[in-house]
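Structure assessment
Residue strings, one per chain:
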Amino acid sequence: DIEIIRIVSMQISVAVENLNMLKDIKDAYFNTLKALAYAVDNRDSYTSKHMEVSSQLSEAIARELRLEEDRIELVKYGAMLHDLGKIGIDDSVLRKTGPLTAAEYAMVKRHPLIGAKILEPIEWFKEVAYLIEHHHEHYDGTGYPHGLAGENIPLEARIITVVDAYHAMTSDRPYRKAGTMSAAIEELNRKKGSQFDPDVVVAMISVLGKNGK
């Protein structure tokens, strides 16, 4: 009996060690991707802070919506890396202070697909790639790149959409100064059911009320 217990214990130990190794590899992949995403900061100074704030807010909303821990982790990764594809957008477009032309806007609209393409070869991040690909879809189907609507858009992506818009509205951008939190909340409420998932907007406003920012 003791020998059987010893063998089983050794097997459990090896399994745990393998799991820890897998986590280390996954973390290494994520940190590499995060470093790549930070490289965008050299071209768009808004992006670095946006990554951190988006990740924190998205996690808080996911918890407010009582998602499972694995889905919360997915949201955090997706929010941190959602603008990764901007590394493939020309500087003149990212830093432009005036309105974008139709051709420039078409270029910007490619960044979800570029980000997803970067992540797709990494098995652990295929789900994250899917979120990144759809974080500019609108609840009413008017978004891009595929025009998905409602429940066809992953909930995690719907969370990132709301957070992305809120932080963009409350941050200085090359083409305008930051708006107030109250103005941003008013805009989120105005576009509930069209651009944004109503349940996610409600959760977002609740989180903002708790955090005071």
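Note: the structure precedes this text.
Now for a quick tour of the structure. (Residues numbered from 1 in each chain as written. Predicted model: local features only at pLDDT ≥ 70, side-chain atom pairs only at ≥ 80, totals over all residues. Heavy atoms only, no water.)

1. Structural notes on the overall build of the protein chain
Applicable threshold: Secondary structure follows DSSP: runs of H or I at least 4 residues long count as helices, runs of E at least 2 residues long count as strands, and numbering of each begins at the N terminus. Think of it in three bands: with a 1.4 Å probe and only protein chains considered, a residue is buried below 20% of the maximum accessible area for its type, exposed above 50%, and partly exposed in between. It only takes one pair of heavy atoms within 4.5 Å for two residues to be counted as in contact. The method behind every accessible area is Shrake-Rupley, applied with a 1.4 Å probe, and residues are considered shielded solely by the protein chains displayed.
Scanning the protein chain from terminus to terminus reveals 10 helices and zero strands. Mapped in sequence order, the helices and strands of the protein chain form the string α-α-α-α-α-α-α-α-α-α. Counting over 213 residues, the protein chain shows a buried share of 41%. Of all intrachain contacts in the protein chain linking residues separated by at least 6 positions in sequence, the fraction that spans at least 24 positions is 64%. Accessible area for the protein chain stands at about 11,400 Å²; split by element, carbon and sulfur atoms hold 56% of it.

2. Looking at the pattern of salt bridges
Threshold: Whenever a carboxyl oxygen of Asp or Glu lies within 4 Å of a side-chain nitrogen of Lys or Arg, that contact is scored as a salt bridge.
Counting across every chain of the model gives 11 salt bridges. The closest approach of N and O atoms between Arg71 and Glu156, which form a salt bridge, is 2.6 Å. Of this pair, Arg71 sits in helix 3 (residues 69-81) while Glu156 sits in helix 8 (residues 155-169); the two residues are 85 residues apart in sequence, bridging distant segments of the chain. Overall, Arg71 belongs to the partly exposed group, its relative accessible area being 27%. With a shortest N-O distance of 2.7 Å, Lys96 and Glu104 are connected by a salt bridge. Judged by relative accessible area, Lys96 falls into the partly exposed class, the value being 23%. Salt bridges sharing partners connect three or more residues here, namely Glu59, Arg63 and Glu69.

3. Overview of the packing of aromatic side chains
This is how the line gets drawn: Classification of ring pairs rests on two measures: the distance between centres of Phe, Tyr or Trp rings, Trp counted by its six-membered ring, which must be within 6.5 Å, and the angle between planes, read as stacked under 30 degrees, edge-to-face over 60 and tilted in between.
The final tally for this structure, using the stated rule, is two aromatic pairs. Ring geometry for Tyr77 against Phe125: centres 5.5 Å apart, planes inclined by 65 degrees, an arrangement best described as edge-to-face. Pair noted here: Tyr77 is in helix 3 and Phe125 is in the loop between helix 6 (111-119) and helix 7 (126-133), with a separation of 48 residues, a long-range link. Like Phe125, Tyr77 is buried. When the ring of Tyr105 is compared with that of Tyr144, the centres are 6.4 Å apart and the planes differ by 85 degrees; the resulting orientation is edge-to-face. Here the residue Tyr105 occupies a position in helix 5 (residues 102-108), and Tyr144 occupies one in the loop between helix 7 and helix 8, the gap between them amounting to 39 residues. Using a relative accessible area of 11% as the deciding quantity, one classes Tyr144 as buried.

4. A word on empty space enclosed by the protein
Note the following rule: Think of a 1 Å grid over the protein atoms and nothing else: a 1.4 Å probe that fits but is trapped marks a cavity, an open set flanked by protein within 12 Å on at least five of seven lines marks a pocket, and residues with an atom within 4 Å of a point count as lining. Grid points are joined across faces, edges and corners, and a volume is the space filled by probe spheres set on the points. The nonpolar class holds Ala, Val, Leu, Ile, Met, Phe, Trp, Tyr, Cys and Pro. Asp, Glu, Lys and Arg form the charged class, and all remaining residues, Gly among them, are polar.
The tally for this structure, following the rule as stated, stands at one cavity of 30 Å³ or more. Computed from the structure, the largest cavity encloses a volume of approximately 40 Å³. Around the largest cavity, the lining residues are Glu137, His138, Tyr139, Ile153, Arg158, Thr161, Val162, Gln195, Phe196 and Asp197. Residues that form the lining of the largest cavity fall into these classes: four nonpolar, three polar and three charged.

5. Brief notes about the nonpolar core
Condition: Here, nonpolar core means buried Ala, Val, Leu, Ile, Met, Phe, Trp, Tyr and Cys residues that are tied together by side-chain atoms lying within 4.5 Å of each other.
Counting residues in each nonpolar core, the largest one holds 22 residues, and the members touching the most others are Leu57, Ile61, Ile159, Val162, Tyr166, Leu188 and Met204. Residues contacting Ile159, with those up to four places away along its chain left out, are Ser58, Ile61, Ala62, Leu65, Leu67, Val75 and Val200. One finds Tyr77, Val128, Leu131 and Ile160 within the second-largest nonpolar core, a separate group that totals 18 residues.

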